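# An overview of the molecular structure
These are the residues of each chain, in order.
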Amino acid sequence: MNTGQPWTKEQINIGLAKNAWSYYYVHSSLRDTRTCYQPLFDLCAEDVVWFHEGPQDPRVPTYPGEVRGKQALVDMLTWENDIVADLDLVDPIARPIEFVASGDRVVVLIEERYKIIKTGVTVHNDRAAVVMDFRDGKISHFRIIANLSDYIESQIGVGWSTKMD
Amino acid sequence: MDNMSHARRAYSGLEATAGVRAIESSDYSHYFSLLADNVVLKFGIPAGTPIGGGFSGKDAVIHFFTTTAPELFENVQLEGPLEFLGSQDRVVVLGRESYTIRKTGVRARSKAFAIVLDFQDGLIIRDHEIKEMTEFVDGWRIN
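Computed from a predicted model, the values in this text were never measured in an experiment.

What counts as what
Residues numbered from 1 in each chain as written. Chains lettered and ligands numbered in written order. Predicted model: local features only at pLDDT ≥ 70, side-chain atom pairs only at ≥ 80, totals over all residues. Heavy atoms only, no water. Helix = DSSP H or I, 4+ residues; strand = E, 2+ residues; numbered from the N terminus. Buried < 20%, exposed > 50% of the residue type's maximum accessible area, 1.4 Å probe, protein only. Contact = heavy atoms within 4.5 Å. Buried area = accessible area lost by both parts, 1.4 Å probe. Salt bridge = Lys/Arg side-chain N within 4 Å of Asp/Glu carboxyl O. Polar contact = N/O pair within 3.5 Å; in protein donor to acceptor, adjacent residues only side chain to side chain. Nonpolar A, V, L, I, M, F, W, Y, C, P; charged D, E, K, R; others polar. pLDDT = per-residue confidence, 0-100. Arc of directions from axis to C-beta.

## A look at unusual backbone geometry
Residues and elements named next belong to chain B. Non-glycine residue Asn75 carries a positive phi angle of around 50 degrees. For Asn75, the location among the structural elements is in strand 3 (residues 73-78). Asn75 gets classed as partly exposed once you look at its relative accessible area, which sits at 39%. The backbone phi angle of Asp121 is positive, close to 50 degrees, even though this residue is not glycine. The topology assignment puts Asp121 in the loop between strand 6 (107-120) and strand 7 (123-131).

## A closer look at the environment of B:Asp2
Relative to the assigned elements, B:Asp2 resides in the segment before helix 1 (3-10). Sequence separation of B:Asp2 and B:Asp89 is 87 residues, and the distance between their C-alpha atoms is 9.0 Å.

## Quick word on the interface of chain B and chain A
The interface is formed by 29 residues belonging to chain B together with 32 residues belonging to chain A. Interface area for chain B against chain A, summed over the two sides, is near 2,400 Å², with a carbon-plus-sulfur share of 60%. Summed over the three residues of chain B that lose the most area to chain A, namely B:Ile130, B:Asp138 and B:Arg141, the buried surface amounts to 22% of that side. At the boundary of chain B with chain A, the tally comes to six salt bridges. For the salt bridge of B:Arg141 with A:Asp150, the shortest nitrogen-to-oxygen distance reads 3.1 Å. The interface formed by chain B and chain A holds 10 residue pairs in polar contact (both at pLDDT 80 or more) in total. At the level of elements, strand 4 (83-87), strand 5 (90-101), strand 6, strand 7 and helix 5 (134-141) of chain B are the ones that each hand at least two residues to the side of chain B that touches chain A. If you tally residues by element for the side of chain B that touches chain A, the top one is helix 5 of chain B, at six residues. Residues of the side of chain B that touches chain A, tallied by class, amount to 14 nonpolar, six polar and nine charged.

## Side note on the pattern of salt bridges
On inspection of all chains with the given rule, the structure shows 28 salt bridges over all chains. Here A:Arg143 makes a salt bridge to A:Glu53, at a shortest N to O gap of 2.7 Å. Of this pair, A:Arg143 sits in strand 7 (residues 138-145) while A:Glu53 is found in the loop between strand 1 (44-52) and strand 2 (65-68), placing the two residues 90 residues apart along the sequence. Between A:Arg68 and A:Glu66 there is a salt bridge; the shortest N-O distance is 2.7 Å. Shared partners join several salt bridges into a network, and the residues in it are A:Glu98, A:Arg127, B:Arg90, B:Asp118 and B:Arg126.

## Looking at the side chain of B:His6
All names here are of chain B. Assignment of secondary structure puts His6 in helix 1. Residue His6 is classed as buried on the basis of its relative accessible area of 13%. Ignoring any residue separated from it by four or fewer positions in sequence, one finds His6 in contact with Met1, Leu34, Phe119 and Gly122.

## Thoughts on the environment of B:Ile23
Residue and element names in this part refer to chain B. Relative to the helices and strands, Ile23 is located in the loop between helix 2 (12-16) and helix 3 (29-33). Using a relative accessible area of 18% as the deciding quantity, one classes Ile23 as buried. Residues Ile23 and Asn75 lie 52 residues apart in sequence; the distance between their C-alpha atoms is 7.1 Å. Setting aside residues no more than four positions away along its own chain, Ile23 makes contact with Leu14, Tyr28, Val76 and Leu78.

## Regarding the confidence of the model for chain A
With 97% of its residues at a pLDDT of at least 70, chain A reaches an overall mean of 91. For chain A, helix 3 (residues 70-79) of chain A is the element with the lowest average pLDDT, namely 87, and strand 7 of chain A is the one with the highest, namely 97.

## Points about helix 3 of chain A
Residue and element names in this part refer to chain A. Of the residues making up helix 3, those classed as buried are Lys70, Leu73, Met76 and Leu77. Looking straight down helix 3, one finds that the buried residues subtend no more than 120 degrees of arc, so they occupy a single side. As for helix 3, its buried residues are in contact with helix 2 (38-42), strand 1, strand 2 and strand 7.

Structural data, given as C-alpha coordinates:
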(Lines give C-alpha, C1' and ligand atoms only; values in the text may rest on other atoms or scores of the structure.)
Protein backbone atom coordinates (compact mmCIF):
# COMPACT_ATOMS: atom_id res chain seq x y z
CA MET A 1 0.00 0.00 0.00
CA ASN A 2 1.28 3.42 -0.87
CA THR A 3 1.30 5.40 2.36
CA GLY A 4 1.86 8.64 0.52
CA GLN A 5 5.03 9.26 2.49
CA PRO A 6 7.97 10.49 0.42
CA TRP A 7 11.08 8.35 0.46
CA THR A 8 13.81 9.49 2.76
CA LYS A 9 17.27 10.35 1.47
CA GLU A 10 18.51 7.14 3.10
CA GLN A 11 15.92 5.00 1.29
CA ILE A 12 16.80 6.57 -2.05
CA ASN A 13 20.54 6.12 -1.54
CA ILE A 14 20.16 2.51 -0.39
CA GLY A 15 18.19 1.81 -3.59
CA LEU A 16 21.02 3.26 -5.65
CA ALA A 17 23.62 1.32 -3.66
CA LYS A 18 21.72 -1.93 -4.27
CA ASN A 19 21.78 -1.21 -7.99
CA ALA A 20 25.52 -0.49 -7.91
CA TRP A 21 26.30 -3.81 -6.24
CA SER A 22 23.77 -5.89 -8.21
CA TYR A 23 26.53 -7.69 -10.15
CA TYR A 24 27.56 -9.41 -6.93
CA TYR A 25 24.36 -11.45 -7.12
CA VAL A 26 25.45 -13.09 -10.37
CA HIS A 27 27.86 -15.96 -9.83
CA SER A 28 31.35 -15.14 -11.09
CA SER A 29 31.29 -18.04 -13.57
CA LEU A 30 28.28 -16.41 -15.27
CA ARG A 31 29.35 -12.80 -14.88
CA ASP A 32 30.46 -10.87 -17.95
CA THR A 33 33.08 -8.52 -16.53
CA ARG A 34 32.91 -6.38 -19.70
CA THR A 35 29.35 -5.35 -18.83
CA CYS A 36 28.48 -6.35 -15.26
CA TYR A 37 29.99 -3.24 -13.67
CA GLN A 38 28.01 -0.90 -15.94
CA PRO A 39 25.27 -0.13 -13.35
CA LEU A 40 28.01 0.74 -10.88
CA PHE A 41 29.87 2.91 -13.41
CA ASP A 42 26.64 4.63 -14.44
CA LEU A 43 26.09 5.66 -10.83
CA CYS A 44 29.58 7.10 -10.36
CA ALA A 45 30.28 10.80 -10.56
CA GLU A 46 32.94 11.69 -13.12
CA ASP A 47 35.29 12.68 -10.29
CA VAL A 48 34.55 9.61 -8.17
CA VAL A 49 37.25 8.55 -5.71
CA TRP A 50 37.78 4.87 -4.87
CA PHE A 51 39.95 4.29 -1.82
CA HIS A 52 40.93 0.89 -0.47
CA GLU A 53 42.18 1.17 3.11
CA GLY A 54 45.51 -0.39 3.99
CA PRO A 55 49.25 0.08 3.94
CA GLN A 56 50.37 1.25 0.51
CA ASP A 57 53.46 -0.19 -1.10
CA PRO A 58 54.59 0.34 -4.72
CA ARG A 59 55.22 -3.42 -5.02
CA VAL A 60 51.53 -4.17 -4.36
CA PRO A 61 49.36 -3.38 -7.39
CA THR A 62 45.77 -2.14 -7.43
CA TYR A 63 45.05 -2.01 -3.73
CA PRO A 64 45.38 -0.75 -1.07
CA GLY A 65 45.39 2.68 -2.63
CA GLU A 66 43.38 5.38 -4.29
CA VAL A 67 41.84 5.66 -7.75
CA ARG A 68 40.53 9.04 -8.92
CA GLY A 69 38.03 9.52 -11.72
CA LYS A 70 35.46 7.26 -13.35
CA GLN A 71 37.72 6.13 -16.19
CA ALA A 72 40.50 5.22 -13.78
CA LEU A 73 37.99 3.15 -11.80
CA VAL A 74 36.85 1.39 -14.98
CA ASP A 75 40.49 0.61 -15.77
CA MET A 76 41.16 -0.65 -12.26
CA LEU A 77 38.21 -3.03 -12.18
CA THR A 78 39.29 -4.39 -15.56
CA TRP A 79 42.85 -4.83 -14.34
CA GLU A 80 41.54 -6.54 -11.21
CA ASN A 81 40.64 -9.55 -13.35
CA ASP A 82 44.33 -10.37 -13.61
CA ILE A 83 44.79 -10.34 -9.86
CA VAL A 84 41.75 -11.96 -8.26
CA ALA A 85 39.28 -14.51 -9.57
CA ASP A 86 36.02 -16.14 -8.49
CA LEU A 87 34.94 -13.04 -6.57
CA ASP A 88 31.59 -13.97 -5.07
CA LEU A 89 29.32 -13.51 -2.13
CA VAL A 90 29.65 -16.57 0.10
CA ASP A 91 25.91 -17.20 0.27
CA PRO A 92 23.69 -14.50 -1.25
CA ILE A 93 20.55 -16.10 0.18
CA ALA A 94 21.60 -16.82 3.74
CA ARG A 95 23.71 -13.68 3.97
CA PRO A 96 22.67 -11.04 1.45
CA ILE A 97 24.47 -7.73 1.21
CA GLU A 98 23.36 -5.42 4.00
CA PHE A 99 22.98 -1.66 3.81
CA VAL A 100 23.07 0.89 6.62
CA ALA A 101 22.54 4.56 5.76
CA SER A 102 22.60 7.98 7.34
CA GLY A 103 22.17 11.08 5.21
CA ASP A 104 24.33 10.88 2.08
CA ARG A 105 26.41 7.97 3.36
CA VAL A 106 25.65 4.27 2.90
CA VAL A 107 27.71 1.50 4.51
CA VAL A 108 27.55 -1.76 2.55
CA LEU A 109 28.33 -4.93 4.52
CA ILE A 110 29.52 -7.87 2.46
CA GLU A 111 30.65 -11.42 3.14
CA GLU A 112 32.88 -12.26 0.20
CA ARG A 113 35.23 -14.89 -1.15
CA TYR A 114 37.85 -14.61 -3.86
CA LYS A 115 40.93 -16.36 -5.17
CA ILE A 116 44.31 -14.69 -5.45
CA ILE A 117 45.50 -15.74 -8.89
CA LYS A 118 49.21 -15.50 -8.11
CA THR A 119 49.10 -17.96 -5.21
CA GLY A 120 45.80 -19.79 -5.68
CA VAL A 121 44.88 -18.92 -2.09
CA THR A 122 41.15 -18.48 -1.52
CA VAL A 123 40.29 -15.67 0.86
CA HIS A 124 37.07 -15.59 2.86
CA ASN A 125 36.23 -12.19 4.28
CA ASP A 126 33.63 -12.82 6.93
CA ARG A 127 32.76 -9.13 6.74
CA ALA A 128 33.96 -6.25 4.63
CA ALA A 129 32.61 -2.72 4.66
CA VAL A 130 32.22 -0.40 1.70
CA VAL A 131 31.48 3.19 2.69
CA MET A 132 29.76 5.01 -0.17
CA ASP A 133 29.01 8.72 -0.32
CA PHE A 134 26.31 10.05 -2.63
CA ARG A 135 26.05 13.50 -4.18
CA ASP A 136 23.09 14.45 -6.38
CA GLY A 137 22.21 10.80 -6.98
CA LYS A 138 25.76 9.83 -7.95
CA ILE A 139 28.48 8.05 -5.98
CA SER A 140 31.26 10.49 -5.16
CA HIS A 141 33.40 8.32 -2.85
CA PHE A 142 34.00 4.66 -2.14
CA ARG A 143 36.05 3.59 0.84
CA ILE A 144 36.67 -0.11 1.40
CA ILE A 145 37.60 -1.54 4.80
CA ALA A 146 38.53 -5.20 4.50
CA ASN A 147 41.11 -7.78 5.36
CA LEU A 148 43.86 -7.69 2.71
CA SER A 149 46.42 -9.73 4.63
CA ASP A 150 46.62 -12.65 2.21
CA TYR A 151 46.70 -10.41 -0.85
CA ILE A 152 49.54 -8.22 0.44
CA GLU A 153 51.43 -11.30 1.62
CA SER A 154 51.05 -12.87 -1.83
CA GLN A 155 52.83 -9.91 -3.38
CA ILE A 156 55.63 -9.09 -0.92
CA GLY A 157 55.87 -12.07 1.42
CA VAL A 158 55.50 -12.77 5.12
CA GLY A 159 57.17 -10.24 7.39
CA TRP A 160 56.58 -7.26 5.10
CA SER A 161 55.23 -5.16 7.95
CA THR A 162 58.53 -5.15 9.81
CA LYS A 163 60.41 -3.92 6.76
CA MET A 164 58.32 -0.86 5.95
CA ASP A 165 59.24 2.65 7.09
CA MET B 1 16.88 5.76 24.75
CA ASP B 2 17.28 4.46 21.15
CA ASN B 3 20.08 2.21 19.97
CA MET B 4 21.95 5.05 18.30
CA SER B 5 22.10 6.77 21.68
CA HIS B 6 23.19 3.51 23.31
CA ALA B 7 26.02 3.18 20.77
CA ARG B 8 27.16 6.76 21.32
CA ARG B 9 27.14 6.15 25.06
CA ALA B 10 29.08 2.90 24.67
CA TYR B 11 32.02 4.72 23.08
CA SER B 12 31.74 8.01 24.95
CA GLY B 13 34.59 7.04 27.27
CA LEU B 14 36.92 6.41 24.33
CA GLU B 15 35.91 9.59 22.53
CA ALA B 16 36.42 11.67 25.66
CA THR B 17 40.16 11.01 25.59
CA ALA B 18 40.71 10.88 21.81
CA GLY B 19 43.77 12.91 20.93
CA VAL B 20 44.63 13.38 24.61
CA ARG B 21 46.01 10.04 25.74
CA ALA B 22 46.07 6.38 24.84
CA ILE B 23 42.96 4.30 25.48
CA GLU B 24 42.74 2.67 28.92
CA SER B 25 40.58 -0.28 29.90
CA SER B 26 38.43 1.93 32.10
CA ASP B 27 37.38 3.92 29.00
CA TYR B 28 35.27 0.90 28.02
CA SER B 29 33.10 1.02 31.16
CA HIS B 30 30.00 2.31 29.32
CA TYR B 31 30.52 -0.26 26.57
CA PHE B 32 30.78 -3.05 29.16
CA SER B 33 27.55 -1.92 30.82
CA LEU B 34 25.70 -2.31 27.51
CA LEU B 35 26.84 -5.88 26.75
CA ALA B 36 24.28 -8.68 26.80
CA ASP B 37 25.31 -11.81 28.69
CA ASN B 38 25.44 -13.76 25.42
CA VAL B 39 27.27 -11.09 23.39
CA VAL B 40 29.59 -12.24 20.58
CA LEU B 41 32.66 -10.23 19.57
CA LYS B 42 34.32 -10.92 16.22
CA PHE B 43 37.12 -9.19 14.37
CA GLY B 44 36.82 -10.66 10.89
CA ILE B 45 40.52 -11.28 10.48
CA PRO B 46 42.12 -14.62 9.63
CA ALA B 47 42.41 -17.38 12.19
CA GLY B 48 45.92 -17.97 13.45
CA THR B 49 46.07 -14.76 15.44
CA PRO B 50 45.03 -14.43 19.09
CA ILE B 51 41.84 -12.59 18.08
CA GLY B 52 40.96 -14.39 14.86
CA GLY B 53 38.40 -16.66 16.46
CA GLY B 54 36.42 -14.05 18.34
CA PHE B 55 34.97 -14.14 21.85
CA SER B 56 31.61 -15.30 23.20
CA GLY B 57 29.91 -14.14 26.38
CA LYS B 58 30.07 -10.91 28.36
CA ASP B 59 32.86 -12.08 30.68
CA ALA B 60 35.04 -13.17 27.74
CA VAL B 61 34.53 -9.87 25.93
CA ILE B 62 35.36 -7.85 29.03
CA HIS B 63 38.42 -10.04 29.59
CA PHE B 64 39.53 -9.34 26.03
CA PHE B 65 39.41 -5.57 26.39
CA THR B 66 40.87 -5.47 29.91
CA THR B 67 43.52 -8.20 29.69
CA THR B 68 44.13 -9.65 26.21
CA ALA B 69 44.11 -6.44 24.18
CA PRO B 70 46.66 -4.68 26.44
CA GLU B 71 48.94 -7.71 26.05
CA LEU B 72 48.77 -7.47 22.27
CA PHE B 73 48.65 -3.72 21.66
CA GLU B 74 50.06 -0.67 23.35
CA ASN B 75 49.52 3.05 23.01
CA VAL B 76 46.18 2.62 21.25
CA GLN B 77 44.95 6.04 20.16
CA LEU B 78 41.57 6.85 18.72
CA GLU B 79 41.97 9.39 15.93
CA GLY B 80 39.24 11.97 16.10
CA PRO B 81 35.53 11.64 16.72
CA LEU B 82 33.58 8.55 15.75
CA GLU B 83 30.80 8.53 13.17
CA PHE B 84 27.58 6.67 13.91
CA LEU B 85 25.16 5.40 11.27
CA GLY B 86 22.21 3.17 11.81
CA SER B 87 18.65 2.22 12.00
CA GLN B 88 16.61 0.23 14.47
CA ASP B 89 18.65 -2.69 15.82
CA ARG B 90 21.93 -2.05 14.00
CA VAL B 91 24.45 0.74 14.39
CA VAL B 92 27.70 1.08 12.42
CA VAL B 93 30.54 3.03 14.01
CA LEU B 94 33.26 4.39 11.72
CA GLY B 95 36.62 5.61 12.95
CA ARG B 96 40.38 5.38 12.85
CA GLU B 97 42.96 4.30 15.40
CA SER B 98 46.70 3.89 15.76
CA TYR B 99 48.45 1.29 17.90
CA THR B 100 51.74 -0.47 18.43
CA ILE B 101 51.82 -4.24 17.99
CA ARG B 102 53.78 -5.56 20.96
CA LYS B 103 54.98 -8.72 19.17
CA THR B 104 56.80 -6.83 16.40
CA GLY B 105 57.02 -3.29 17.70
CA VAL B 106 55.41 -2.09 14.48
CA ARG B 107 53.33 1.08 14.81
CA ALA B 108 50.13 0.71 12.77
CA ARG B 109 48.91 4.20 11.93
CA SER B 110 45.50 5.54 11.02
CA LYS B 111 43.86 2.15 10.71
CA ALA B 112 40.25 2.37 9.58
CA PHE B 113 37.51 0.40 11.25
CA ALA B 114 33.79 -0.18 10.91
CA ILE B 115 32.21 -1.61 14.05
CA VAL B 116 28.83 -3.25 13.45
CA LEU B 117 26.75 -3.37 16.63
CA ASP B 118 23.54 -5.38 16.81
CA PHE B 119 21.19 -4.59 19.67
CA GLN B 120 18.44 -6.54 21.38
CA ASP B 121 16.36 -5.00 24.16
CA GLY B 122 18.85 -2.15 24.43
CA LEU B 123 21.91 -4.37 24.87
CA ILE B 124 24.68 -5.29 22.44
CA ILE B 125 24.32 -8.90 21.33
CA ARG B 126 26.86 -8.81 18.47
CA ASP B 127 29.93 -6.63 18.00
CA HIS B 128 31.51 -7.37 14.65
CA GLU B 129 34.59 -5.20 14.22
CA ILE B 130 35.72 -4.87 10.61
CA LYS B 131 39.30 -3.76 10.99
CA GLU B 132 42.00 -3.55 8.39
CA MET B 133 44.71 -5.17 10.53
CA THR B 134 47.22 -6.35 7.95
CA GLU B 135 50.29 -5.43 10.02
CA PHE B 136 48.93 -7.36 13.01
CA VAL B 137 48.11 -10.45 10.94
CA ASP B 138 51.53 -10.30 9.26
CA GLY B 139 53.20 -10.05 12.64
CA TRP B 140 51.59 -13.30 13.74
CA ARG B 141 52.63 -15.09 10.55
CA ILE B 142 56.31 -14.44 11.18
CA ASN B 143 57.89 -17.54 12.68
